[in-house]
Amino acid sequence: MALRPVQVNIKAVDGSAVGRFWAEALGWTAYRPGVTTYVGPTRTGGLVWPDPVALGIDVVPVPEPKTATKNRVHLDLATTSPAHQAELVARLEALGATPVDVGQGEVPWTVLADPEGNEFCVLEPREVYRDTGPIAAVVVDCVDPRAMARFWGGATDWTPHQVTDDQAVLRSAGGTGPYLEFLRTPDVKSVPDRVHLDLLPYPGDDRAVEVARLRALGATDLDLGQGDVPWTCLSDPEGHEFCVLAPS
């Protein structure tokens, strides 16, 4: 039994606008089947959900704007050459992204924020990300990367590629799509994040059984005021929120 990450959930005051931004940024399509805006690649026949390779983005409208606090989860975008990196940064800024300083200093990547302040990075070309698609990695700040690798490696079917005191890296068992990376940071989580992962059981698996398994691994139940919904809100051992969706 295992769960699969299927999308990155981003909260926004103007969900439609932020969804359009990310669709343009990634070269994907924004779909609005209901309250949320889903952004994903178009396959033969149209939208495929869950996508077999990519992690889509689900933008959820909320009334509260982002505070000045840096998100503990962000996206890294892949590039193929220095020229591609420069072109992508310029295009993103034209779409409404803004440069931000999160204390990165002199680095070869560019840190930007989407129109509502959610930070992300445009990486310099790296061979390891040559086949990930536009999203190179979902990056999570944490205190203990080794503990995060144990929890998320047990929670999902993703395979650890690197585990050290400073960084843990996981990727799908099939070796496709983006990486999930946990980076050691000195600060601890203090406020609810505006970006989190959504997980989905495989066909035939029981969501309640999977949720119970996650609790045994160290997840805790989370009340965000969601009320009676068909998904389950949990947090990992360091308090990072995530949801287990119901198959549809």
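Relevant structure appears above.
Residues numbered from 1 in each chain as written. Predicted model: local features only at pLDDT ≥ 70, side-chain atom pairs only at ≥ 80, totals over all residues. Heavy atoms only, no water.

Right, let's talk about the nonpolar core for a bit. One finds Trp-22, Ile-57, Leu-92, Phe-120 and Trp-152 to be the most contacted residues of the largest nonpolar core, which totals 49 residues. Here this core gets six residues from one element, more than from any other, and that element is helix H1 (residues 15–26). Ignoring anything within four residues of it in the chain, the contact list for Phe-120 reads Phe-21, Trp-22, His-74, Leu-75, Leu-77, Leu-92, Ala-97, Thr-110, Val-111, Leu-112, Ala-113 and Asp-114. By size, the runner-up hydrophobic cluster in this structure holds 10 residues, among which are Cys-121, Tyr-129, Ala-136 and Val-139. (Core = buried A, V, L, I, M, F, W, Y, C linked by side-chain atoms within 4.5 Å. Buried < 20%, exposed > 50% of the residue type's maximum accessible area, 1.4 Å probe, protein only. Helix = DSSP H or I, 4+ residues; strand = E, 2+ residues; numbered from the N terminus. Contact = heavy atoms within 4.5 Å.)

Moving on to helix H3 (residues 145–155). For an α-helix, the turn length of 3.6 residues means that residues three or four places apart are oriented alike. By the burial criterion, the buried members of H3 are Pro-145, Met-148, Ala-149, Phe-151, Trp-152 and Ala-155. The N-capping residue of H3, defined by a side-chain oxygen 3.2 Å from the backbone nitrogen of Arg-146, is Asp-144. (Polar contact = N/O pair within 3.5 Å; in protein donor to acceptor, adjacent residues only side chain to side chain.)

This brings us to the sheet that holds strand S6 (residues 56–61). Spatially, S2-S3-S6-S1-S15-S18-S17-S16 is the arrangement adopted by the eight strands of the open sheet, whose pairing is mixed. Each edge of the sheet is formed by a strand with only one pairing partner; in this case those strands are strand S2 (29–31) and strand S16 (220–221). Bridge analysis of S2 against strand S3 (residues 37–40) gives three bridges, and the strand direction is antiparallel. Directly across from Ala-30, in S3, lies its bridge partner Val-39. (Pairing = 2+ DSSP bridges.)

Our next topic: the side chain of Asn-71. On the secondary structure map, Asn-71 appears in the loop between S6 and strand S7 (73–77). Excluding anything up to four places from it in sequence, Asn-71 contacts Lys-66, Asn-118, Glu-119, Asp-141, Asp-193, Arg-194 and Val-195.

Across all of its chains, the model carries two cavities of 30 Å³ or more by this definition. Here the largest cavity defines a volume of roughly 70 Å³. Lining the largest cavity, in full, are Val-73, Val-138, Val-140, Trp-152, Leu-180, Phe-182, His-196, Leu-197, Asp-236, His-240, Glu-241 and Phe-242. Elements supplying a minimum of two residues to the lining of the largest cavity: strand S11 (135–142), strand S14 (179–184), strand S15 (195–201) and strand S18 (241–244). Each residue belonging to the lining of the largest cavity can be placed in one class, and the counts come to eight nonpolar, two polar and two charged. Approximately 50 Å³ is the volume attributed to the second largest cavity. Around the second largest cavity sit Ile-10, Trp-22, Asn-71, Val-73, His-74, Leu-75, Asn-118, Glu-119, Phe-120 and Val-195, which together line it. (1 Å grid on protein atoms, 1.4 Å probe; cavity = no way out; pocket = protein on both sides within 12 Å on 5 of 7 lines; lining within 4 Å. Points joined across faces, edges and corners; volume = space filled by probe spheres on them. Nonpolar A, V, L, I, M, F, W, Y, C, P; charged D, E, K, R; others polar.)

Taken by themselves, the reported measurements are silent on function.
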